[in-house]
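Listed below, chain by chain, are the residues.
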Amino acid sequence: QVQLVESAGGLVQAGDSLRLSCAASGRTFSSCTMGWFRQAPGKEREFVAAISASGGRTVYGDSVKGRFTISRDNAKNTVYLQMNSLKPEDTAVYYCAADFLPKVLLPVAAPEYDYWGQGTQVTVSS
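From a predicted model like this one, the values you see are computed outputs, not experimental measurements.

About the thresholds
- Residues numbered from 1 in each chain as written.
- Predicted model: local features only at pLDDT ≥ 70, side-chain atom pairs only at ≥ 80, totals over all residues.
- Heavy atoms only, no water.
- Helix = DSSP H or I, 4+ residues; strand = E, 2+ residues; numbered from the N terminus.
- Rg over C-alpha atoms; globule rule 2.2 N^0.38 Å.
- Areas by Shrake-Rupley, 256 points an atom, 1.4 Å probe, with all protein chains shown as cover.
- Disulfide = S-S within 2.5 Å.
- Salt bridge = Lys/Arg side-chain N within 4 Å of Asp/Glu carboxyl O.
- Buried < 20%, exposed > 50% of the residue type's maximum accessible area, 1.4 Å probe, protein only.
- Pairing = 2+ DSSP bridges.
- Axes fitted to C-alpha atoms, helices over the stretch in contact; angles between N-to-C directions.
- Contact = heavy atoms within 4.5 Å.
- Polar contact = N/O pair within 3.5 Å; in protein donor to acceptor, adjacent residues only side chain to side chain.

Novice: Describe the overall build of the protein, listing the residues and the values that go with them.
Specialist: When you go through the protein residue by residue, the secondary structure sums to 0 helices and 11 strands. Secondary structure elements of the protein occur, N-terminal to C-terminal, as β-β-β-β-β-β-β-β-β-β-β. Taken against the 2.2 N^0.38 rule, which gives 14 Å for 126 residues, the C-alpha radius of gyration of the protein at 13 Å falls within 12% of a compact globule. On the principal axes, the C-alpha backbone points of the protein span a range of 40 × 25 × 25 Å. For the protein, the accessible surface area stands at approximately 6300 Å², while carbon and sulfur atoms represent 51% of it.

Novice: So, the state of the cysteines: which residues are in play, and what are the values?
Specialist: Tallying each qualifying case throughout the model produces 1 disulfide. Here cysteine 32 is not cross-linked by a disulfide; its sulfur's nearest cysteine counterpart is in cysteine 22, at 9.1 Å.

Novice: Give me the lowdown on the pattern of salt bridges, citing residues and values where you can.
Specialist: Applying the stated criterion across every chain yields a total of 5 salt bridges. Note that aspartate 90 and arginine 38 form a salt bridge whose closest N and O atoms lie 2.8 Å from each other. Here the residue aspartate 90 occupies a position in the loop between strand 8 (78-83) and strand 9 (92-99), and arginine 38 occupies one in strand 4 (residues 33-39), the gap between them amounting to 52 residues. With respect to burial, aspartate 90 and arginine 38 carry one shared label: buried. Between aspartate 62 and lysine 65 there is a salt bridge, with its nearest N and O atoms 3.1 Å apart. For lysine 65, a relative accessible area of 49% corresponds to the partly exposed category.

Novice: Any details on the environment of alanine 40? Residues and values, ideally.
Specialist: Within the secondary structure layout, alanine 40 lies in the loop between strand 4 and strand 5 (46-51). Taking C-alpha positions, alanine 40 is 23 Å from alanine 23, a pair spaced 17 residues apart along the chain.

Novice: Pulling in residues and values, what's your account of the sheet that holds strand 3 (residues 18-25)?
Specialist: Taken in spatial order, the 4 strands line up as 1-3-8-7 in an open sheet, and their pairing is antiparallel. What marks the edges here is a single partner per strand, and that holds for strand 1 (3-6) and strand 7 (68-73). Adjacent strand axes in the sheet meet at a mean angle of 15 degrees, parallel and antiparallel pairs treated alike. Inspection of the sheet shows strand 3 paired to strand 8 by 6 bridges, in the antiparallel sense. Following the sheet pairing, serine 21 is matched in strand 8 by tyrosine 80.

Novice: Before we move on, can you summarise the environment of aspartate 99 with the specific residues and values?
Specialist: When you line up the elements, aspartate 99 lands in strand 9. Aspartate 99 sits in the buried class, given a relative accessible area of 2%. It is 5.1 Å that separates the C-alpha atoms of aspartate 99 and threonine 33, two residues lying 66 residues apart in sequence. Sequence-distant contacts of aspartate 99, that is, excluding residues within four places in its chain, are made with Cys32, Thr33, Pro107, Glu112, Tyr113 and Asp114. One polar contact links aspartate 99 to lysine 103, side chain to side chain, over a distance of 2.6 Å.

Next comes the structure, spelled out in structure tokens:
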């Protein structure tokens, strides 16, 4: 089993920055791909970003490319999502997820991930 716990989100204004973190426990963190997803009310869960086990590869969803940065610290069993230039449309519940099955391409679909955090609310006001 793996436990994923996201940091608190928050209420910010458009243009602000916010960093989310996700702490993992229970299995070897350094062997899994980590991802971030988000879900706004009435919408499907959307891929945000993913990072390989070593941290050497990343991929981003089109809506956040150039504004968000995913990173990880395997010594701390933690993955981060740095969110800059936030927009009201970034408002959502953000989830971190872990995928322990090695893949050639970083997974961008929610069903590919095995474990999920409880989610944290991020609200961006205009």
